[in-house]
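# What the coordinates show
Each chain is listed here by its residues.
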Amino acid sequence: MRPPICAVCRERFAPGKESGLLTFALTDEDRAYNERFRERGVVGHPRGKEWFCAKHYARAARQKHRTLREVLRNWEEE
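Residues numbered from 1 in each chain as written. Predicted model: local features only at pLDDT ≥ 70, side-chain atom pairs only at ≥ 80, totals over all residues. Heavy atoms only, no water.

## Topic: the overall build of the protein chain
On a plain count of helices and strands, the protein chain comes out with three helices and two strands. Relative to the compact-globule value of 12 Å for 78 residues, the protein chain shows a C-alpha radius of gyration of 13 Å, a close match. Taking the principal axes of its C-alpha atoms as reference, the protein chain extends roughly 35 × 25 × 20 Å. Taking all 78 residues of the protein chain together, the buried fraction comes to 33%. (Helix = DSSP H or I, 4+ residues; strand = E, 2+ residues; numbered from the N terminus. Rg over C-alpha atoms; globule rule 2.2 N^0.38 Å. Buried < 20%, exposed > 50% of the residue type's maximum accessible area, 1.4 Å probe, protein only.)

This is how it looks when you write it as structure tokens:
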């Protein structure tokens, strides 16, 4: 798992009550990737999970029903 660095602003932070790791909807490709990852016992960061600092956490949490790719793409457009 990657250290807590915000997916939006790239700032490193200490996870807390209103910041941390969020899990988003997975595509079939994401599920297959994560399964292969687990089967091999590889250490790393799974797809569909990402860190968000206190500034970005609430907005990201409201979009957990979407894929991470959709969430981050929409962030860039706004």
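## Here's the deal with the side chain of Glu50
Relative to the assigned elements, Glu50 resides in strand β2 (residues 49-52). Glu50 sits in the buried class, given a relative accessible area of 7%. When sequence neighbours within four positions are dropped, the list of residues in contact with Glu50 reads Arg2, Ile5, Ala7, Gly20, Leu21, Leu22, His45 and Leu68. (Contact = heavy atoms within 4.5 Å.)

## Digging into the environment of Arg66
Considering the arrangement of structural elements, one finds Arg66 in the loop between α2 (54-61) and α3 (68-77). With 62 residues separating them in the primary sequence, Arg66 and Pro4 have C-alpha atoms 21 Å apart. Not counting the four nearest positions on each side in its chain, Arg66 is found in contact with Phe24, Ala25, Val71 and Asn74. A distance of 2.7 Å separates polar atoms of two side chains, one belonging to Arg66 and the other to Gln63. (Polar contact = N/O pair within 3.5 Å; in protein donor to acceptor, adjacent residues only side chain to side chain.)

## A word on the state of the cysteines
The tally for this structure, following the rule as stated, stands at zero disulfides. For Cys6, which is in no disulfide, the shortest distance to another cysteine sulfur is to Cys53 and amounts to 3.7 Å. Note on Cys6: relative accessible area 0%, which makes it buried. Between Cys9, a cysteine without a disulfide, and Cys6, which holds the nearest cysteine sulfur, the sulfur-to-sulfur distance is 3.8 Å. Since its relative accessible area comes to 30%, Cys9 is described here as partly exposed. (Disulfide = S-S within 2.5 Å.)

## With respect to the nonpolar core
Judged by nonpolar contacts, Cys6, Ala7, Phe13, Leu22, Phe24, Trp51, Phe52, Cys53, Ala60, Leu68, Val71 and Trp75 together constitute the single largest core of 12 residues. With three residues, α3 is the largest single contributor of residues to this core. (Core = buried A, V, L, I, M, F, W, Y, C linked by side-chain atoms within 4.5 Å.)

These results come straight from atomic positions and should not be treated as a statement about function.
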